[in-house]
Amino acid sequence: MKSEMYTPGYTNNATNFMARRGLESHGQFFAPFLSARHTVLDLGCGPGTISVDIARLVVPGKVTGIDFNESQIVQARKHAGEAGVSNVDFQIASCYELPFAQQSFDRIFCHALMEHLADPVKALRESFRVLQPDGMIGLCSPDAEGWLLSPPSSELEAAVAAYADLQQANGGNLRIGKNLGVLLQDAGFTVIRLAARYECYPSLEFIGEYLALQLEQQGASRHATTLREWAKDANGMFAQAWVSAVAGKSL
Ligand SMILES: C[S@@+](CC[C@H](N)C(=O)[O-])C[C@H]1O[C@@H](n2cnc3c(N)ncnc32)[C@H](O)[C@@H]1O
């Protein structure tokens, strides 16, 4: 397997960026497949805000969120405690080696993880193992080929291309969204539904600083400056292209 490093890291900026997500804003594509009493695995749960929303929906079922980073698990447990949601637990684990018996879950949810993996099919095969025979999986990942950015400039194009290249060098693939169906099929799943949507970020500063910080940490300060200058334009736009896929094990 190629080497793999998680590009966004765990700064407050990156964690807060994820923590604003919920099932309604980012997981709607999978909500019709979730019911009371389901046991659900949330792969790469990060700060756990989507996991907690899923737990509210499946009560008295149970959600297990896994993430290989301890700080995210600590934050997720804190969030669940503050939200008063008790049918969710969080564990440190790798998506390549899940600490669960085969056929443990009715549903698997996975938001914004596949694009960080060097071997997404290996992770999906492991998901296949722990999913019930009649279970379903829902994935969602971005695709940088669908990004809409304004106001345009060659410097801005170079900065976002550098960001995608950085993620690629770290083993990931920011252009993975369109391939989710193929990857699921390669792992043995039967794809039921593929869809795409746009998320317009609340401000250019919000997305610009998130990308700029990561480029800066890698020494690409020229691109970071471009993003920060671009983010000052009150009338600009960054629309993120999200692709979602729902698949079953035995259809
Ligand atoms: C972009 S965040 C997404 C968090 C959350 N699912 C969301 O959409 O807000 C990806 C998360 O996956 C975790 N992660 C990355 N690679 C992983 C791996 N190989 N196994 C388990 N977790 C991983 C990271 O630590 C990070 O918290």
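What this report covers is the structure whose coordinates are included nearby.

Cut-offs and rules
- Residues numbered from 1 in each chain as written.
- Predicted model: local features only at pLDDT ≥ 70, side-chain atom pairs only at ≥ 80, totals over all residues.
- Buried ≥ 20, exposed ≤ 12 C-beta atoms within 10 Å, placed from the backbone.
- Helix = DSSP H or I, 4+ residues; strand = E, 2+ residues; numbered from the N terminus.
- Arc of directions from axis to C-beta.
- Axes fitted to C-alpha atoms, helices over the stretch in contact; angles between N-to-C directions.
- Parallel < 35°, antiparallel > 145°, perpendicular 65-115°, else oblique.
- Contact = placed C-beta atoms within 7 Å.
- Nonpolar A, V, L, I, M, F, W, Y, C, P; charged D, E, K, R; others polar.
- Core = buried A, V, L, I, M, F, W, Y, C linked by C-beta atoms within 7 Å.
- Right-handed = clockwise from strand over helix to strand, strands pointing away.
- Pairing = 2+ DSSP bridges.

### Observations concerning helix α5 (residues 120–130)
So, point 1. Of the positions making up α5, those classed as buried are P120, A123, L124 and S127. Along α5, the residues classed as buried sweep out an arc of 100° about the axis, all on the same side.

### Let's talk about unusual backbone geometry
Where the residue is not glycine, phi is negative for most of them; where a peptide bond is considered, it is trans in most cases.
So, point 1. Across the junction of V59 and P60, the peptide omega takes the value 10°, indicating a cis bond.
So, point 2. Mapped onto the elements of the fold, P60 is located in the loop between α3 (49–58) and β2 (62–67).
So, point 3. The amide bond that connects S150 to the next residue, P151, takes the cis arrangement and shows omega of -5°.
So, point 4. Structurally, P151 is set in the loop between β6 (148–150) and α6 (154–169).
So, point 5. Phi angles above zero are rare outside glycine, and R37 is one such case at about 80°.
So, point 6. For R37, the location among the structural elements is in the loop between α2 (23–26) and β1 (39–43).
So, point 7. Taking the number of C-beta atoms within 10 Å as the measure of exposure, R37 has 10 and is therefore exposed.
So, point 8. For Q103, which is not a glycine, the phi torsion comes out positive at approximately 60°.
So, point 9. With respect to the helices, strands and loops of the structure, Q103 is situated in the loop between β3 (88–92) and β4 (105–111).
So, point 10. For Q103, a count of 14 C-beta atoms within 10 Å gives the class partly exposed.

### A closer look at the packing of helix α8 (residues 204–217) against helix α9 (residues 221–230)
So, point 1. Put simply, α8 and α9 touch, their axes get as near as 8 Å, and they point 170° apart. The orientation of α8 relative to α9 falls into the category roughly antiparallel. From α8, L204, G208, L211, A212, L215 and E216 reach across to α9, where they touch S221, H223, A224, L227, R228 and W230.
So, point 2. Looking at the contact of α8 with α9 residue by residue, the class counts come to 7 nonpolar, 3 polar and 2 charged.

### Topic: the nonpolar core
So, point 1. In terms of nonpolar packing, the biggest core is built from 46 residues, with V40, I54, I108 and L180 touching the most fellow members.
So, point 2. Counting residues in hydrophobic clusters, the runner-up holds 16 residues, among them V160, Y163, L204 and L211.

### Some remarks on the pairing of β1
So, point 1. Of all 5 residues in β1, 4 are buried; the element is thus mostly enclosed.
So, point 2. Considered for its hand, the β-α-β crossover made up of β1, α3 and β2 is right-handed.
So, point 3. Pairing between β1 and β4: 3 bridges, direction parallel. Across the sheet, L41 pairs through a bridge with I108, a residue of β4.

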